[in-house]
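Inside the fold
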Amino acid sequence: MGLNSLAELGMRSTSDQLSVDSITLFVALLCACIVIGHLLEEYRWMNESITALFIGLCTGIVLLLTTGGKISHILLFSEELFFIYLLPPIIFNAGFQVKKKQFFRNFMTIILFGAIGTLISFSIISLGAIQLFKKLDIGFLEIGDYLAIGAIFSATDSVCTLQVLNQDETPLLYSLVFGEGVVNDATSVVLFNAIQRFDLSHFTSGIALQFAGNFLSLFFASTLLGVFIGLLSAYIMRKLYFGRHSTDREVALMIVMAYLSYIMAELFYLSGILTVFFCGIVMSHYTWHNVTESSRVTTKHTFATLSFVSEIFIFLYVGIDAWDIEKWRVVSDSPGTSVGVSSILLGLVLVGRAAFVFPLSFLSNLTKKSESDKIGFKQQIIIWWAGLMRGAVSVALAYNQFTMSGHTQLRGNAIMITSTITIVLFSTMVFGLMTKPLISLLLPPKPFSSMMSSSEPSSPKSFSVPLLANGHDPDIEGASHSTPAATNLRMFLTTPSHTIHHYWRKFDNAYMRPVFGGRGFVPHIAASLTEMNAPQLQ
């Protein structure tokens, strides 16, 4: 018995050592991605996402060669790791750093692209897959699988797209692609979850209405939960005033409550992406102004750093996992079928994207009076192109639908996994690399561009250029606006976004900020008592 115990202990020690080796190698690769990304900072066609993918691919090849084809990845894919730990910091930071005024000024266009456009793309990809896959021998797929394929490949990669675009050079494009990317991911995940909840083998009009109702309820409930958690954090910070004793508690509470919003959404089977995104917006509007100045700087950089590391981690993992020999071995007897499926899906992605970008841009332009607010044809081409990239959300949803704990031996499922990885790699590497040159060709940078900044930061991203300049000062809370107050229905119909913003500002100043705080409604505290009593270095 003693020898058996020693043997078991030795086995556990060996297993633990392998885990430590894998984690050490992965962390070392993360460091390499950051260093190489810094060295390539001035290389306009490269970004951290593509760098991490490339390093991941090279690492996978080295592992295959050094182990004789026995090991192809360092870490096994985990949905929990992606959806619970890596995705929340990225989405929250997107909401926390956003310029609220400019985001909501384009809100209707963003919803058109992110929600309605995703539904159009979802329909085209699903129907196209149903019709075209019948000509290929890929195995049996149910109607739910085809609908899941539509949701999987409707999810654009907002992470890579935002790294490719530069808000200094293309503020309008950045605003639209940024907003669409977040709403698109949320819509795709909500669609995917709704598909898995319903029995679609007997699809009727009643099930269709129930499906639509479930989708809308998830959408709005997730948004309201995020707003509630954000307001609760602002109220706690304002009333209890943690900063008078320690800024550590302020920072810790903001981080924990931000994560709480995502976990509560998952607990109630809502969309954690939408919840944490709107929680980030609310916390940047109210909570961030209720803490000390040092806590503002700390939280801003903490959230940005967590988001940055999570992005690099995801793309590095996708690059390494692309060489998973288990799935490629299953489809090795029919490479032509796998290539055919990938080509069909890529073509459907191209068509589905074009089917809503150009028509919805036309509809959006009909509501714009100013030429500077309209989306030009060249900008529409760039929006269409930049949204062609697929990323980690598509990979995670594909693993959820077509594998069991990351493994599958079914030929049809393996083909869908390998096709998803192929499209993610191709779209990110090819479309990602060509986005910068395309922007430079269609919209060359102006030689003389003025950069405006406010005297005091009004949001965590006030240190950078606004999302949408258009000749206005960036998101200065409470600043005077050129848009006059809407006094009749005609004013509302001609400038709905400006009118709604005007009335929201009046309501916010009169009722919300006195309760939840915000810029101009809290005393300016430079530091906590602990920091004031700390010894000064001479």
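Source: prediction; values computed, not measured.

1. Points about the pattern of salt bridges
- Counted under the stated rule, the structure contains three salt bridges.
- Close ionic contact of D508 with R505 constitutes a salt bridge, the shortest N to O distance being 3.0 Å. Taken as a pair, D508 and R505 lie in helix α19 (residues 496-516) at a separation of three residues, close to a single helical turn.
- Its relative accessible area of 0% is what places D508 among the buried residues.

2. Digging into the confidence of the model for the protein chain
- Model confidence for the protein chain is summarised by a mean pLDDT of 78, while 77% of its residues fall at 70 or above.
- Mean pLDDT per element in the protein chain: helix α20 (residues 529-533) is the minimum at 48, and helix α10 (residues 247-267) is the maximum at 93.
- Ignoring residues within four places in sequence, the model shows residues 448-458, a span with pLDDT below 50, making 23 contacts including any to other chains.
- Contacts from residues 534-538, a stretch scored under 50 in pLDDT, to residues over four places away or in other chains number zero contacts.

3. Examining unusual backbone geometry
- A positive phi is found at Y269, a non-glycine position, where the angle reads about 60°.
- Mapped onto the elements, Y269 comes out in the loop between α10 and α11 (272-285).

4. Points about the environment of E79
- In this fold, E79 is placed in helix α3 (residues 79-97).
- Judged by its relative accessible area of 28%, E79 falls in the partly exposed class.
- A C-alpha to C-alpha distance of 9.8 Å links E79 and V395, two positions 316 residues apart in sequence.
- Setting aside chain neighbours within four positions, we find E79 in contact with I84, A396 and N400.

5. Some words on the side chain of E180
- Topologically, E180 is positioned in helix α8 (residues 171-197).
- Excluding residues within four positions of it along the chain, E180 makes contact with I110, F113, G114, R353, F356 and I383.

6. Section: the packing of aromatic side chains
- As enumerated under the stated definition, the model contains 18 aromatic pairs in all.
- Taking the centre distance of 5.3 Å and the plane angle of 40° together, the rings of F507 and Y511 count as tilted. Here F507 pairs with Y511, and both are found in helix α19, just four residues apart, close to one helical turn.
- With relative accessibility at 39%, the residue F507 sits in the partly exposed group.
- Put simply, the rings of W384, W385, F426 and F431 pair up and form one aromatic cluster.

7. Points about the side chain of S22
- Position of S22 relative to the elements: it lies in helix α1 (residues 2-39).
- Those residues in contact with S22 that lie beyond four places of it in its chain are I74 and L75.

8. Examining the nonpolar core
- Counting residues in hydrophobic clusters, the biggest one holds 129 residues, and the most contacted among them are F133, I149, F153, F277 and L316.
- If one sorts the elements of this core by residue count, α8 sits on top with 15 residues.
- Dropping the residues within four chain positions of it, F133 is found in contact with G128, I138, L141, Y146, I149, V341, I344, L345 and M416.
- Core analysis: the second largest hydrophobic core is formed by six residues, V282, Y286, M512 and F516 among them.

Basis of the calculations
Residues numbered from 1 in each chain as written. Predicted model: local features only at pLDDT ≥ 70, side-chain atom pairs only at ≥ 80, totals over all residues. Heavy atoms only, no water. Salt bridge = Lys/Arg side-chain N within 4 Å of Asp/Glu carboxyl O. Helix = DSSP H or I, 4+ residues; strand = E, 2+ residues; numbered from the N terminus. Buried < 20%, exposed > 50% of the residue type's maximum accessible area, 1.4 Å probe, protein only. pLDDT = per-residue confidence, 0-100. Contact = heavy atoms within 4.5 Å. Phe/Tyr/Trp six-rings, centres within 6.5 Å; stacked < 30°, edge-to-face > 60°. Core = buried A, V, L, I, M, F, W, Y, C linked by side-chain atoms within 4.5 Å.

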